[in-house]
Amino acid sequence: QASVMSLARGTMICTKREFVACPTCTESQLGNVFDFAKTPDNTPFVLRTLCEGAEFTQGMVNWASFIFMVIAFALIALYQSQIEIRFNEDQVTVTDYSIVVENPPPDATDPDVWRDFFEQFSEKGVTVVTIALNNEALVRSLAFRRHFRNNLCYHLPPGTDIDNNEILKKAVEKATEARKQKKKTCFGLLCNCTLLPILRIFGLFLKEDQLYERVQKLTPQIQELQTKKYSATKVFVTFETEAGQRNALTALTLSKWDSWSNNKNSVGPSSIFQDTLLKIQEPTEPDAVRWLDLSATTKAKLIQRVITLAITIGLVIASGFSINAARNSSLGVTLSSIVLTLFNLIIPFIVKLLLLIEKHTTEGGRQASLYYKIALFRWVNTAIIPIFISSFTSWIGNDSRDIIITINSVLLSELLLSPTLRLLDIITTYRKHYLAPREKTQRNMNSHFNGTHYNLAERYTDLTKVIFLCFFYSPLFPSIYFYCTAIFIQQYWSDKISLLRIWGHQPLIGPQVSRFSRKFLLPLALTAFAIAASYFYASFPYDNICDPFEPEPGFAGKYNDVTFANGTMGSITVTNDDSVVFCQQELVGSLDTGLFIKFPALPIFQPSDAEWMTDSQSTLTTVYGWTSVAALALFVGIVFGGSIFLAFQSVCKNIYEPSTRDQMIDFSGIQDMFGYVPQVKFGGYAYPWLCCDIDDIAEDLVGWNADYDENNLIYDVPYKGMKRRARTGDDSASAEVEEQATSS
């Protein structure tokens, strides 16, 4: 077919069509046909597809590729599981020595008591005990106060003593007056009236007087919070040996039934802590603990996830309408593909803002939540929305708005536009080369060189989105495998360059994202492969035309002054003398026909008086239809059946089993082994902020090396009973702390 663009050749696009008479077609039926014409006497003619597609031989090649992909992905999943175990054994981390208590008694805040209790499980004892309190409000207030103070320094002359309130107030007033007298640009006035008021709600781009006001407001709030007594919410216990951790998990891991019923007879008397059956498990890595979210209840977290998921679905719907509007514009598929790519780039930022609503105790859990939300959006946005906004009869058309041409443009955009934007890294480049040299302090300048923040979940969604798109459209677009291979190659190299040259350091989050991907999303993509293929082959030739048992003859000839679907007029030549009838070949409804689905896609859904499938197509559709049923059943059985079985098993008994071998290495004998030291990560700062006293523990447990006092929140606002102030080189500071704390 010479009229087909070179990049779309080898697809199911069909340009061999001719007009045939359909005298029984109604106005509503013609509305479902993209190309039709009417003669002056209102005799309707519709375009009929003449290509031979969806033949058994063609379809079985695609079916064989599906079977190959199922086997390949099963082997990859098995290989990744083995590699995960091997990596865990080779890379000994603090999680191999630790447990976390999920339900400590609220008043159990003495680490010595916890140490004495857990030493029964290890011959070499307990090395570190960390007790997390429900003082998130205090820590969060301290963090924001410090952040606002640091930003305030940026607006004031260098050397301003911000600890002296009288001097600070005068400096703020002077800076405010200087700012008001400064000449404003049109762009600045526009931002002040539109964007900045919204950003300031979230504490961004605050002026010096606003920063000063917030600091003054937070200080008495913090002093009040410092006087409260807090309860234990989580307890992290690190043993000297791996055997200690495994002994504790074996002895204290209960069946859910025993836990729900508080059956204290299920464990020995020595395993009951202060009349409480402890719920323990292996924790995540120390730098992946989200210390400010540990007190969130299960009910609150569930409500938060429902709200954010609903907003994400709303964004998907809004994206669909935007893409449809762009597709119907004068620029057509070019603009719609750009809009789609921009949505795929922008939505992760919006979803990250939504995650501010959610509470996650681990960074891995947060990444998993981010993963499935972005994957939901990108899968639907890239693969499914084009189907629902396209006319059914345009699926194999050669027009710029037709589905295969649209997908071709999306693939080119993913191949060229996405990696270009990622490698250019415009925002970070602007910060490094424009903002950094103009900063007033070394700390502020260093903050621009921390590297671009990235999320592993976002990178996984880019990968799985391309896999889903490839599988979903492979029946219509067999050469899509070559596109996707090229996209994977550029993703590998662009991500490698970004990892080594552009991106910043990220915490060790564990295997949650990779497990979620191989256990749920990739099997779902394979299931969608089988189901989509069965419908694509069953619906060919996509013209909604069938031959009646008794056609009307006499329609061959040339017709002038016919009116086409787009309102233009012309002439047509009809070579088929017999009439045809309208038949609904679409087994899944779109926006044009209304939403419906006939599953599985089998020949039995053809009307008895208007069949469109050939014998070869009918055989192929039967094979693929039942394959889709088997794939769906296998997906449900593997993904949900295994989880349901483990859930029922855990109700009845303790199912804990070590997944790796004991390396027989003591915790204290390993270099660079970190502990569970509470700290808060705040964007734009080189180091986290500690929120506990570390004077009596080894500094190696912190996980990074810097001025610990300077990066510790507990010294920011003096309080009664404070051991000392932050070390500043003045030895008399510690002696004066009690007097200053009392007077404050």
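The structure presented is a predicted model; accordingly, all values stated were derived computationally and were not measured. For every chain, the first residue of the written sequence is number 1, and numbering continues from 1 onward in sequence order. Two thresholds apply to this predicted model, a pLDDT of at least 70 for residue-level local features and 80 or more for giving and counting side-chain atom pairs, whereas whole-chain, interface and lining totals are computed over all residues. Water and hydrogen atoms were dropped before computing side-chain values, which therefore reflect all heavy atoms in the structure.

S.K.: Account for the overall build of the protein chain, with residues named and values stated.
M.R.: Put simply, DSSP marks the helices as runs of H or I at least four residues long and the strands as runs of E at least two long, and each gets a number from the N terminus on. Scanning the protein chain from terminus to terminus reveals 21 helices and 13 strands. Whether a residue is buried, partly exposed or exposed follows from its accessible area with a 1.4 Å probe, protein chains only, as a fraction of its type maximum: under 20%, in between, or over 50%, in that order. Each of the 744 residues in the protein chain was classed as buried or not, and the buried ones make up 47%. Sequence-distant contacts in the protein chain: of pairs separated by 6 or more residues, those separated by 24 or more amount to 75%. On the protein chain, roughly 37,700 Å² of surface is accessible, and the fraction owed to carbon and sulfur atoms is 60%. Neither His nor the chain ends contribute to the count of charged residues, in which Lys and Arg are positive and Asp and Glu negative. For charged residues, the charge sits on one atom: NZ in Lys, CZ in Arg, CG in Asp, CD in Glu. Of the charged side chains in the protein chain, 65 are positive and 75 negative; the average position of the first set lies 7 Å away from that of the second. It only takes one pair of heavy atoms within 4.5 Å for two residues to be counted as in contact. Computed with a 1.4 Å probe, the accessible areas rest on the Shrake-Rupley method; for each residue, only the protein chains presented here act as cover.

S.K.: Tell me about the sheet that holds strand β1 (residues 17-21), residues and numbers included.
M.R.: A pair of strands is labelled paired if DSSP reports no fewer than 2 bridges between them. Strand order in the open sheet formed by five strands is β1-β3-β2-β9-β10, and the pairing between neighbours is antiparallel. In this open sheet, the two edge strands, each paired with only one partner strand, are β1 and β10 (569-574). Each adjacent strand pair in this sheet contributes to an overall mean axis angle of 45°, direction not counted. An axis is simply a line fitted to the C-alpha atoms; with a helix, the fit covers only the stretch in contact. Between two such axes, the angle follows the N-to-C directions and lies from 0 to 180 degrees.

S.K.: Break down the sheet that holds strand β4 (residues 98-101) for me, citing the residues and quoting the values.
M.R.: Pairing in this open sheet of four strands is antiparallel, and the strands run β5-β6-β4-β7 from one edge to the other. Looking at strand neighbours, the two that pair on one side only are β5 (126-133) and β7 (280-281), the edges of this open sheet. Examined bridge by bridge, β5 and strand β6 (residues 232-239) share seven bridges and lie antiparallel to one another. Residue pairing in the sheet places V128 in a bridge with T238 of β6. Docked against the sheet, helix α3 (residues 111-118) engages β4, β5 and β6, running at close to 135° with respect to β5.

S.K.: Can you tell me about the pairing of strand β9 (residues 557-564), naming the residues and giving the values?
M.R.: On a regular strand, each side chain points to the face opposite its neighbour's, so the side chains alternate between the two faces of the sheet. Two elements, strand β2 (residues 36-38) and β9, share two bridges in a ladder whose sense is antiparallel. Residue pairing across strands places K38 opposite T563, the latter belonging to β9. Two elements, β9 and β10, share five bridges in a ladder whose sense is antiparallel. Across the sheet, residue K558 finds its bridge partner in β10, namely T573.

S.K.: Describe the environment of Y483, with residues and values.
M.R.: Inspection of the secondary structure assignment puts Y483 in helix α18 (residues 480-501). Once the C-alpha coordinates of Y483 and I604 are considered, the two residues, 121 residues apart in sequence, prove to be 35 Å apart.

S.K.: Tell me about the state of the cysteines, and name the residues and values.
M.R.: Note on disulfides: each one is a pair of cysteine sulfur atoms within 2.5 Å. Inspection of the entire model under this criterion finds two disulfides. Residue C22 pairs covalently with C25 via a disulfide, S to S 1.8 Å. Classification of the bridge connecting C22 and C25 rests on its S-S torsion, roughly 70°, and on that basis the disulfide is right-handed. Take C22: its relative accessible area is 1%, and that puts it in the buried class. With a relative accessible area of 12%, C25 lands in the buried category.

S.K.: Before we move on, could you go through the nonpolar core and cite the residues and values that matter?
M.R.: Counting residues in hydrophobic clusters, the biggest one holds 70 residues, and the most contacted among them are F471, Y473, L476, F536 and Y542. Examining the composition of this core, we find that 12 residues originate from one element, helix α19 (residues 512-539), more than from any other. The residues touching F536, leaving out its near neighbours within four places in the chain, are I387, W395, F472, Y473, P475, L476 and Y542. Take the buried residues of types Ala, Val, Leu, Ile, Met, Phe, Trp, Tyr and Cys, join any two whose side-chain atoms come within 4.5 Å, and each joined set is a nonpolar core. By size, the runner-up hydrophobic cluster in this structure holds 27 residues, among which are L168, V172, A175 and L206.

S.K.: Tell me about unusual backbone geometry, and name the residues and values.
M.R.: With an omega of 20°, the peptide bond running from F540 to P541 counts as cis. Secondary-structure assignment places P541 in the loop between α19 and β8 (545-546). The backbone phi angle of D425 is positive, close to 45°, even though this residue is not glycine. Within the secondary structure layout, D425 lies in the loop between α14 (403-424) and α15 (426-435). Overall, the relative accessible area of 13% leaves D425 in the buried class. Backbone geometry at N544 places phi at a positive 55°, although glycine is not the residue there. Within the fold, N544 resides in the loop between α19 and β8.

S.K.: Requested: an account of helix α9 (residues 242-252), with residues and values cited.
M.R.: What sets the pattern is the α-helix's 3.6 residues per turn: residues three or four places apart point alike. Taken residue by residue, α9 has E242, G244, Q245, R246, A248, L249 and L252 as its buried positions. On its buried face, α9 is in contact with β4, α3, β6 and β7.

S.K.: Before we move on, can you summarise the packing of helix α17 (residues 456-473) against α19 with the specific residues and values?
M.R.: The contact between α17 and α19 brings their axes to 8 Å, and the two run at 20°. By the angle class used here, α17 and α19 are roughly parallel. Read as a crossing pair, α17 and α19 show a hand that is right-handed. For the pair formed by α17 and α19, the contact residues are A457, Y460, T464, I467, F468, F471, F472 and Y473 on the first element and V513, S514, S517, L522, A525, L526, A528, F529, A532 and F536 on the second. For this classification, the nonpolar set comprises Ala, Val, Leu, Ile, Met, Phe, Trp, Tyr, Cys and Pro, the charged set comprises Asp, Glu, Lys and Arg, and every other residue, Gly included, is treated as polar. A class-by-class count of the residues in the contact of α17 with α19 yields 15 nonpolar, three polar and no charged. Here the word oblique covers every angle except those under 35 degrees (roughly parallel), over 145 (roughly antiparallel) and from 65 to 115 (roughly perpendicular). For any pair of crossing helices, the crossing counts as left-handed if the nearer helix is rotated counterclockwise from the farther one by less than a right angle, and right-handed if it is rotated clockwise.

S.K.: Provide a residue-level description of the environment of P111, including the pertinent values.
M.R.: One can find P111 in helix α3. Sequence separation between P111 and L315 is 204 residues; the distance between their C-alpha atoms is 47 Å. Those residues in contact with P111 that sit more than four places away from it in its chain are V129 and I131.

S.K.: Please provide a residue-by-residue account of the pairing of β4, values included.
M.R.: The alternating pattern of β4 places S98 and V100 and I99 and V101 on opposite faces, both of which are buried. Alignment of β4 against β6, held across four bridges, turns out to be antiparallel. When the sheet's bridge partners are listed, I99 is paired in β6 with V237. Note: β4 against β7, two bridges, orientation antiparallel. The partner of V100 across the bridge, within β7, is Q281.

S.K.: Any chance you could break down the packing of aromatic side chains for me, citing the residues and the numbers?
M.R.: How two aromatic rings sit relative to each other is set out by the distance from centre to centre and by the angle between their planes. Only rings of Phe, Tyr and Trp enter the pairing, Trp through its six-membered ring, and a pair is recorded when the two centres are within 6.5 Å. The plane angle decides the type: under 30 degrees is stacked, over 60 is edge-to-face, the rest tilted. Counted under the stated rule, the structure contains 38 aromatic pairs. Note on F73 and F471: the rings are 5.7 Å apart at their centroids and 75° apart in plane angle, and the pair reads as edge-to-face. Placement of F73 in helix α2 (residues 56-90) and of F471 in helix α17 is noted, with a sequence separation of 398 residues between them. What makes F471 buried here is its relative accessible area of 3%.

S.K.: How would you sum up the side chain of Q491? Please name residues and give values.
M.R.: The topology assignment puts Q491 in helix α18. Each residue touching Q491, except ones within four places of it in the same chain, is listed here: D462, L463 and V466.

S.K.: I'd like to hear about the packing of helix α11 (residues 298-327) against helix α13 (residues 363-388), residue by residue, with values.
M.R.: Interhelical geometry of α11 versus α13 gives an angle of 25° and a closest axis separation of 10 Å. Classified by the interaxial angle, the pair formed by α11 and α13 is roughly parallel. Between α11 and α13 the crossing geometry is right-handed. Together, T308, L309, T312, I313, L315, V316, S319, G320 and I323 of α11 and Y372, K373, L376, F377, V380, N381 and I385 of α13 make up the contact between the two elements. Here the residues of the contact of α11 with α13 are counted per class, giving 10 nonpolar, five polar and one charged.

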